[in-house]
Each structure stands twice: as structure tokens, then as C-alpha cells.
Amino acid sequence: SQQGEEDPQALSIQEGENATMNCSYKTSINNLQWYRQNSGRGLVHLILIRSNEREKHSGRLRVTLDTSKKSSSLLITASRAADTASYFCATGQNFVFGPGTRLSVLP
Amino acid sequence: DTGVSQNPRHKITKRGQNVTFRCDPISEHNRLYWYRQTLGQGPEFLTYFQNEAQLEKSRLLSDRFSAERPKGSFSTLEIQRTEQGDSAMYLCASSPPLLAGGPHEQYFGPGTRLTVT
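About the cut-offs
- Residues numbered from 1 in each chain as written.
- Chains lettered and ligands numbered in written order.
- Predicted model: local features only at pLDDT ≥ 70, side-chain atom pairs only at ≥ 80, totals over all residues.
- Heavy atoms only, no water.
- Helix = DSSP H or I, 4+ residues; strand = E, 2+ residues; numbered from the N terminus.
- Rg over C-alpha atoms; globule rule 2.2 N^0.38 Å.
- Salt bridge = Lys/Arg side-chain N within 4 Å of Asp/Glu carboxyl O.
- Buried < 20%, exposed > 50% of the residue type's maximum accessible area, 1.4 Å probe, protein only.
- Pairing = 2+ DSSP bridges.
- Axes fitted to C-alpha atoms, helices over the stretch in contact; angles between N-to-C directions.

**Looking at the overall build of chain B**
Inference 1: Of regular secondary structure, chain B possesses zero helices and 11 strands.
Inference 2: Starting at the N terminus, the α and β elements of chain B follow one another as β-β-β-β-β-β-β-β-β-β-β.
Inference 3: Taking 117 residues into account, the globule formula puts the C-alpha radius of gyration at 13 Å, and chain B, at 14 Å, falls close to it.
Inference 4: With respect to the principal axes defined by its C-alpha atoms, chain B has extents near 45 × 30 × 30 Å.

Here is the structure:
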């Protein structure tokens with residue numbers, strides 16, 4: 001099945017810095033999505049990028065997709081303490097999530 | 001609130017007891033998903049409904065687990081003879097009808113945290 005796997009597993013940065021996390025997957029996809037999960041809560045959809053798109057922006061988020069490398073990256077610019085969460089990528093109809101990247105933004 | 005709701009939010013039960021969780025999806029979402037998530041891990045897919053039909057079921061789902069969506073609206077997930085290893089967060093998600101060739105996103109509920117003692 002299609003699977004997203006995030007890297008790094010944990011990331012700690014200072015408020016105001018940029019955070020970059022990566023996702024690799026194994027099979028061809030129609031689209032890839034990024035989700036955020038605050039501690040102990042459900043997941044929130046952040047952004048969807050289609051296979052024919054290379055880059056997409058939403059506010060402080062920028063997602064890139066490289067289908068030749070089967071990888072995607074999520075960039076959060078000017079991070080805030082409220083961005084502290086786990087971030088997951090997902091592909092496929094029945095999403096298979098990796099372990100996620102746990103981002104800590106320190107004030 | 002028109003989001004996905006799950007009840008109860010927390011459940012503590014003794015090993016061997018049966019538990020049932022409920023998920024109310026966003027209205028007009030015909031697709032509904034159940035996931036299980038343990039600490040430090042991503043959600044694991046359990047099962048998927050399109051309307052009232054259960055179309056896919058993970059091999060992770062043992063015979064003690066059963067899910068229903070009788071009228072294509074809310075869904076229940078029952079765990080019989082609970083074991084300590086069933087302790088986890090159970091997440092429900094829904095999504096709208098899939099347009100031809102179109103992608104979809106899933107809308108997640110807050111989850112039900114199960115603790116089996």
C-alpha cells in the first residue's frame with residue numbers, strides 16, 4: 001500500500017525560524033496531503049498537492065512535491081509556538097500515515 | 001458545530017469487557033474511516049465505509065473488532081473482550097463523495113481515548 005514516511009522524527013527550533021520536514025513514499029500517487037496533530041487531538045488537514053503540481057502555498061506553509069524522487073517537503077516559515085505539533089503526510093485513498101515529525105517551537 | 005464528533009471522548013474499561021464507540025460524520029459525507037493511534041505513532045487505518053457498505057477492513061482488525069454504519073450516517077466501532085493492547089486513541093474521519101479524478105481530504109474527529117486496565 002502507499003505509505004508516507006516523515007523525516008526527521010523530531011525537530012526543535014526557535015520561534016521565528018523556519019521548519020522543514022520531509023515525506024517519502026513508495027508508489028505513484030494522485031495527490032499527497034499534509035496533516036497536523038496537536039497533542040492528544042484529532043488531525044487537521046493543512047494542504048493538498050496534486051501529482052501534477054510542484055509547489056503549493058497556504059499562508060506560512062509551502063509544500064513541494066517531487067514525483068521523480070517520490071518525496072515531498074513541508075516548510076513552515078516564521079514559526080510560532082502554536083505550530084508545536086506532530087505533522088504527517090498521507091497518500092492513497094485509505095491514508096497510511098508514517099510516525100510523523102514532532103515539531104517543537106521554543107519561545 | 002458541524003465537524004466530526006466522537007463519543008465518548010475517554011473510556012476506561014477492565015480487560016475482558018466490551019466497549020462501543022460512536023462517530024457522527026459531517027452531514028453529507030458519504031465516506032467514513034476508523035483509525036487507531038498509539039502514543040508516538042501515526043494513525044493506523046482500520047476500516048472504511050462508503051455509505052452503509054464496509055468496503056475495506058485492515059488485517060489489523062481482529063475478529064474482536066466490528067464496525068457498523070447501518071443507515072450510512074453515524075458509525076459504531078465495537079471491541080469485544082478488550083485487551084490491554086487495545087489501549088489507544090480511536091479516530092474517526094469522514095470525507096465527501098469522491099468526484100471523478102478528484103482528490104479528497106479527510107476531516108478527523110477528536111478521537112476516543114481507550115484505556116484498558
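Resuming the write-up.
**Regarding the pattern of salt bridges**
All names here are of chain B.
Inference 1: One pass over the structure, following the stated rule, counts six salt bridges over all chains.
Inference 2: Note that E83 is salt-bridged to R64, the shortest N-O span being 3.4 Å. Of this pair, E83 sits in the loop between strand 8 (75-79) and strand 9 (88-95) while R64 sits in the loop between strand 6 (53-57) and strand 7 (65-68), and the two are 19 residues apart along the sequence.
Inference 3: Residue classification places E83 among the partly exposed positions, given a relative accessible area of 41%.
Inference 4: Notably, a salt bridge pairs D86 with R64, separated by 2.8 Å at the nearest N-O pair. Linking D86 in the loop between strand 8 and strand 9 with R64 in the loop between strand 6 and strand 7, this pair joins segments that are 22 residues apart in sequence.

**Some words on the sheet that holds strand 5 (residues 43-50) of chain A**
Residues and elements named next belong to chain A.
Inference 1: Spatially, five strands are ordered 2-10-9-4-5 in an open sheet, and the strand pairing comes out mixed. The sheet terminates laterally at strand 2 (10-14) and strand 5, the two strands that pair on one side only. Adjacent strand axes in the sheet meet at a mean angle of 25° when their direction is disregarded.
Inference 2: As paired strands, strand 9 (residues 85-91) and strand 10 (residues 101-106) are joined by three bridges and run antiparallel to one another. Bridged to A85 within strand 10 is L103.

As far as function goes, none of this settles anything; it's purely spatial.
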